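# Geometric and topological summary
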Amino acid sequence: MEPPEVILENSDAVYDFYLHHQQNRLKAKASYALLGRRYHPRISYAPHARDQVRALVRSGRPLLIAINHLSQNDPYTVAAAAWRSALRPIIGRVRVLAKDELFLEAEQRRKVDMMGGIPVFRGKDHGLRAVNAAGQQMMDICAQRLARGEHLAIFPEGTCNEVDPAQVQAVGSGVGHIAFRAHKLGAQPVLLSLGLSYGPRVDPAVEPTKEEAKSASFYFGNPIFELPAKPAEIARLVRTDLQQALDGAVANY
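In this report, we go over the structure that sits alongside the text. The structure displayed is predicted, hence computed values, not measured ones.

From N to C terminus, the protein includes ten helices and seven strands. Its C-alpha radius of gyration of 17 Å places the protein within 12% of the 18 Å reference for a compact globule of 253 residues. Its C-alpha atoms give the protein principal-axis dimensions of roughly 45 × 35 × 35 Å. Evaluated residue by residue, the protein yields a buried proportion of 53% over its 253 residues. Taking the contacts inside the protein whose residues are at least 6 apart along the sequence as the reference set, 80% of them involve residues at least 24 apart. A total accessible area of about 11800 Å² is found for the protein, and carbon and sulfur atoms account for 53% of it.

What follows is the structure in structure tokens.
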């Protein structure tokens, strides 16, 4: 199936394609390994979290991985952290939500597809009413892929935090709806929060320096095995749990 053009007017074809798209796992692992050598993130864990994550990876239970969003460097540092952490075995089986503009240029799209990207048409870019139907489709395919035993990584703040890098910003209900719909399909996704810090910065709107990006701090929270019943409650839990992980990342920078 030929990859469709990723534009909002084409969302039906876009999500039909990304319901089934699979990247080349060997190429994905090679790319993650390269980023793992290029960046040198500091990896730390909550008590017992490393063993819990390793056990979850072996179990095959789907992970819903939530990460706070600080800069355009995040996808690269997150990939490096995955390679250097207990998440390495699931590389190539993780879907990653990414804004639609990253799929417009052919070479950039090839890289995002190889990393397991799924496009998101954001309300801030196209208008809330315009993206409603596409948003429902996106959440449905994410839920279906979780129900197949795949994993999903998401920046639940939805955009880079240019307010305070030590505080998780508002989390939309989308992450809650994805988990809720996956549960209705018979899946039991586990929430895993990864706190990310590039250290203290005077202006949060300024991208981290090359050295700050290379030495990012990641903190793995303890997985949450049982999620609330309602999407809004899930979203609130994600924000609270992610803040705790972010506090750990800041403390360990």
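So, on to the pattern of salt bridges. Following the criterion strictly, the structure yields seven salt bridges and no others. In this structure, the salt-bridge partner of Asp 113 is Arg 109, at a minimum N-O distance of 3.4 Å. With a gap of four residues between them, Asp 113 and Arg 109 both fall in helix H5 (residues 106-114), about one helical turn apart. The same class applies to Asp 113 and to Arg 109, which are both buried.

Take the sheet that holds strand E6 (residues 190-197) next. The strand order E1-E7-E6-E2-E5-E3-E4 describes an open sheet built from seven strands, whose pairing is mixed. Edge positions in the open sheet fall to strand E1 (42-45) and strand E4 (117-120), since each of these has one partner strand only. Between one strand axis and the next, the sheet turns through 25° on average, direction left out of account. In this structure, E1 lies alongside strand E7 (residues 217-220), joined through four bridges in parallel fashion. The partner of Ser 44 across the bridge, within E7, is Tyr 219.

It is worth spelling out the pairing of E7 at this point. Along E7, one buried face is formed by Ser 217 and Tyr 219 and the opposite face, lined by Phe 218 and Phe 220, is buried too. Sheet analysis places E6 next to E7, joined by four bridges and oriented antiparallel. Within E7, the position partnered with Ser 197 by the bridge is Ser 217.

Now for the nonpolar core. Counting residues in hydrophobic clusters, the biggest one holds 42 residues, and the most contacted among them are Leu 63, Ile 65, Ile 67, Leu 87 and Leu 194. Here this core gets six residues from one element, more than from any other, and that element is helix H4 (residues 74-83). Those residues in contact with Ile 67, other than ones at most four positions away along the chain, are Val 78, Ala 153, Ile 154, Phe 155, Pro 156, Leu 194, Leu 196 and Leu 242. Grouped together as the second largest cluster of nonpolar side chains are 40 residues, Phe 17, Met 138, Ile 141 and Ala 143 included.

Take helix H10 (residues 231-251) next. Taking 1.5 Å per residue as the helical rise, H10 with its 21 residues ought to reach 30 Å, and the 30 Å between its terminal C-alpha atoms agrees with that figure. Restricting attention to buried positions, one finds in H10 the residues Pro 231, Ile 234, Ala 235, Val 238, Asp 241, Leu 242, Gln 243, Ala 245, Leu 246, Gly 248 and Ala 249. On the buried face of H10, the contacting elements are strand E2 (63-67), helix H8 (174-184), E6 and E7.

Contact pair helix H7 (residues 128-147) / H8: the axes reach a minimum separation of 8 Å and the direction vectors enclose 45°. The angle between H7 and H8 places the two elements in the oblique class. As for how H7 packs across H8, the hand of that crossing is right-handed. Of H8, the residues touching H7 (which contributes Gln 136, Met 138, Met 139, Asp 140, Cys 142, Ala 143 and Leu 146) are Gly 174, His 177, Ile 178, Arg 181 and Ala 182. Per-class residue counts for the contact of H7 with H8 are seven nonpolar, three polar and two charged.

If you trace the backbone, Ser 71 turns up in the loop between E2 and H4. Of note is the side chain of Ser 71, whose polar atom sits 2.9 Å from the backbone nitrogen of Asn 73. The contact partners of Ser 71, leaving out residues within four places of it in the chain, are Cys 160, Tyr 198, Glu 207 and Pro 208.

Note on placement: Ala 46 falls in the loop between E1 and helix H3 (49-59). Counting along the chain gives 199 residues from Ala 46 to Ala 245, while the straight-line C-alpha distance between them is 8.2 Å. When near neighbours in sequence (up to four residues on either side) are disregarded, Ala 46 contacts Tyr 219, Phe 220, Gly 221 and Asn 222.

Of note, the phi angle at His 48 is positive, near 75°, even though the residue is not glycine. Tracing the backbone through its elements, the reader meets His 48 in the loop between E1 and H3. Judged by its relative accessible area of 63%, His 48 falls in the exposed class.

Procedures and definitions
Residues numbered from 1 in each chain as written. Predicted model: local features only at pLDDT ≥ 70, side-chain atom pairs only at ≥ 80, totals over all residues. Heavy atoms only, no water. Helix = DSSP H or I, 4+ residues; strand = E, 2+ residues; numbered from the N terminus. Rg over C-alpha atoms; globule rule 2.2 N^0.38 Å. Buried < 20%, exposed > 50% of the residue type's maximum accessible area, 1.4 Å probe, protein only. Contact = heavy atoms within 4.5 Å. Areas by Shrake-Rupley, 256 points an atom, 1.4 Å probe, with all protein chains shown as cover. Salt bridge = Lys/Arg side-chain N within 4 Å of Asp/Glu carboxyl O. Pairing = 2+ DSSP bridges. Axes fitted to C-alpha atoms, helices over the stretch in contact; angles between N-to-C directions. Core = buried A, V, L, I, M, F, W, Y, C linked by side-chain atoms within 4.5 Å. Expected span 1.5 Å × (residues − 1). Parallel < 35°, antiparallel > 145°, perpendicular 65-115°, else oblique. Left-handed = near helix turned anticlockwise from the far one by under 90°. Nonpolar A, V, L, I, M, F, W, Y, C, P; charged D, E, K, R; others polar. Polar contact = N/O pair within 3.5 Å; in protein donor to acceptor, adjacent residues only side chain to side chain.

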